[in-house]
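# Understanding the architecture of this molecule
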Amino acid sequence: MKSDRRSIRLLFTVYFLQGMVFYSPVATLYRQAAGLDLFQIGLIESLSMVLMLALELPWGVLADRLGHRRTLVICAFVLAVSKVVFWRADCFEDFLAERVLLAVAGSGLSGCDSAYLYACCGEGDHRRAFSHWQAVETAGLLLAALAWPLMGGRYRLAALLTVGTYAAAALLTLGLREPERRHEAEARQRLSLKEALRGTWSVAPLLLAFCLVQETAQMITVFLGQEQFLRAGIPQGWFGLLQAAVTLAGLTAGLSHRFTKRLGTRRGGMTLMAAGSGACLLLAAVPSPLPAAAGVVLLRGIQSLLLPLSQSIQNERAAPMGRAAQLSCNAMLLDLGGLCLYPAFGALADQGVAHAMLLGTLCCGIGAVLFGWGMNRPGRPPVSR
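A brief structural summary. (Residues numbered from 1 in each chain as written. Predicted model: local features only at pLDDT ≥ 70, side-chain atom pairs only at ≥ 80, totals over all residues. Heavy atoms only, no water.)

### Some points on the overall build of the chain
On a plain count of helices and strands, the chain comes out with 17 helices and 0 strands. Over its C-alpha trace the chain gives a radius of gyration of 20 Å, about what one expects of a compact globule, namely 21 Å for 385 residues. Each of the three principal axes of the chain carries a C-alpha extent, and together these read 60 × 50 × 35 Å. Counting across all 385 residues of the chain, residues that qualify as buried make up 54%. Once local pairs closer than 6 in sequence are excluded, the contacts in the chain between residues at least 24 apart make up 85%. Surface accessibility of the chain: about 16900 Å² in total, with carbon and sulfur atoms responsible for 66%. (Helix = DSSP H or I, 4+ residues; strand = E, 2+ residues; numbered from the N terminus. Rg over C-alpha atoms; globule rule 2.2 N^0.38 Å. Buried < 20%, exposed > 50% of the residue type's maximum accessible area, 1.4 Å probe, protein only. Contact = heavy atoms within 4.5 Å. Areas by Shrake-Rupley, 256 points an atom, 1.4 Å probe, with all protein chains shown as cover.)

### Notes on the nonpolar core
Membership of the largest hydrophobic core comes to 52 residues, with the highest contact counts inside it found for Leu11, Phe12, Phe22, Tyr23, Leu72, Phe95 and Leu117. When residues of this core are traced back to their parent elements, those giving at least two are helix H1 (5-19), helix H2 (27-33), helix H3 (38-66), helix H4 (68-88), helix H5 (92-109), helix H6 (112-120), helix H7 (126-147) and helix H8 (155-173). Contacts of Leu72, omitting those with residues within four sequence positions, involve Leu11, Leu109, Cys112, Asp113, Tyr116 and Leu176. Counting 46 residues, the second largest nonpolar core, distinct from the first, contains Val203, Val353, Cys364 and Met375. (Core = buried A, V, L, I, M, F, W, Y, C linked by side-chain atoms within 4.5 Å.)

### Quick notes on the packing of aromatic side chains
Remark: the centre distance and the inter-plane angle together describe each pair of aromatic rings, the angle taken between the planes. Throughout the structure, instances matching the rule amount to 11 aromatic pairs. Here Tyr30 and Tyr155 contribute two aromatic rings whose centre-to-centre distance is 6.2 Å and whose plane-to-plane angle is 35 degrees, an arrangement assigned as tilted. Here Tyr30 is found in helix H2, whereas its partner Tyr155 is found in helix H8, with 125 residues between them in sequence. Looking at Tyr30, the relative accessible area reads 2%, which means it is buried. Look at Tyr155 and you get partly exposed, because its relative accessible area is 24%. Ring geometry for Phe86 versus Phe95: centroids 5.5 Å apart, planes at 80 degrees, classification edge-to-face. As far as the burial class goes, Phe86 and Phe95 line up, both buried. One aromatic cluster is present, formed by Tyr23, Tyr30, Phe86, Phe95, Trp148 and Tyr155 through successive ring pairs. Over the ring of Tyr166 we find Lys83, and its NZ or CZ is 5.0 Å from the ring centre. Residue placement shows Arg88 over the ring face of Trp87; its charged tip is 5.0 Å from the ring centre. (Phe/Tyr/Trp six-rings, centres within 6.5 Å; stacked < 30°, edge-to-face > 60°. Lys NZ or Arg CZ within 6 Å of the ring centre and 35° of its normal.)

### Some thoughts on the side chain of Arg31
Following the sequence through the fold, Arg31 ends up in helix H2. Of the side chains with opposite charge, Glu98 lies nearest to the buried Arg31, which makes no salt bridge, at 4.1 Å. A distance of 3.1 Å separates the side chain of Arg31 from the backbone oxygen of Ala27, its partner in a polar contact. Dropping the residues within four chain positions of it, Arg31 is found in contact with Leu36, Ile41, Glu45, Phe86, Phe95, Glu98 and Arg99. (Lys, Arg positive; Asp, Glu negative; His and termini not counted. Salt bridge = Lys/Arg side-chain N within 4 Å of Asp/Glu carboxyl O. Polar contact = N/O pair within 3.5 Å; in protein donor to acceptor, adjacent residues only side chain to side chain.)

Limitation: the analysis is restricted to geometry and does not speak to function.
See below:
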């Protein structure tokens, strides 16, 4: 089966446009300027996450029945509407409505987007495609962040420009083609909840390994990195440059397929996870400027290299007769793991950021062991397409 290069290029353009969230550097300040306090912002995020978890599996089953292309189109338009709501929002209820729409679209895309991209790829091409996907999204985010200083602090203008990019992305999805072959489309309704859970159980060690490492990297690079920089004595005037370096490290996702091809999937994954453990240990043990900057940037690079690998393995070990439902079930396990890890990191960080870094060291180390074990377990074999 040959790759549908037209659909892949079009999909990458959609991802690039959806990465261009122009208000991302001031997302919290935007909400506060509209009258929300931090408690209300946190409450909205929590409600959104709960709703997304509740919708994950139903959306996965529905996506397999509707078709992955049609689901992508629907969710892209819902995302565009959510940006319009955000642009005009000026109270708690408006921002809650925006996050509800985002949760609906996000849970629909979860699993469906990677299943669609996997189906568009020819034999052996999907790992390269997943790597480029992450790099394209990061490039869009980076471009939007660099554009923020040109807006003169106008929050609403940033939101309006984001409406434009998301509306353009939604319109572009109309040009996507359905890649699945007919016999696969006819099999969409055959995957039961019990079979999906069994499939998730067969790859649970791998999913938990990815969860431990990726959530550790997310927590440190997004939430604890600034605390680490302060601990290391880095002046706040350098934080913007450091954030740009962290964002640029996300572009390493484009090299993921080359890295794992050279080292092999098992050795490559274990190497990255062990490197994550080492980076966390460096951050915990050496509170000085250069190690702090290098450790946080390295973690973002490791996270970016692992994400395409995670998507590839999950798609390779999912049956075509319900791939989106299977991936949604996997996503539920990953999300639940994240919900357990975040409070643990937060509690330890309150006692000192070094304690949280030590937890990250442990999580990444366990992740490397689980990944090595999980790759040796007999699982659902790759599907011949």
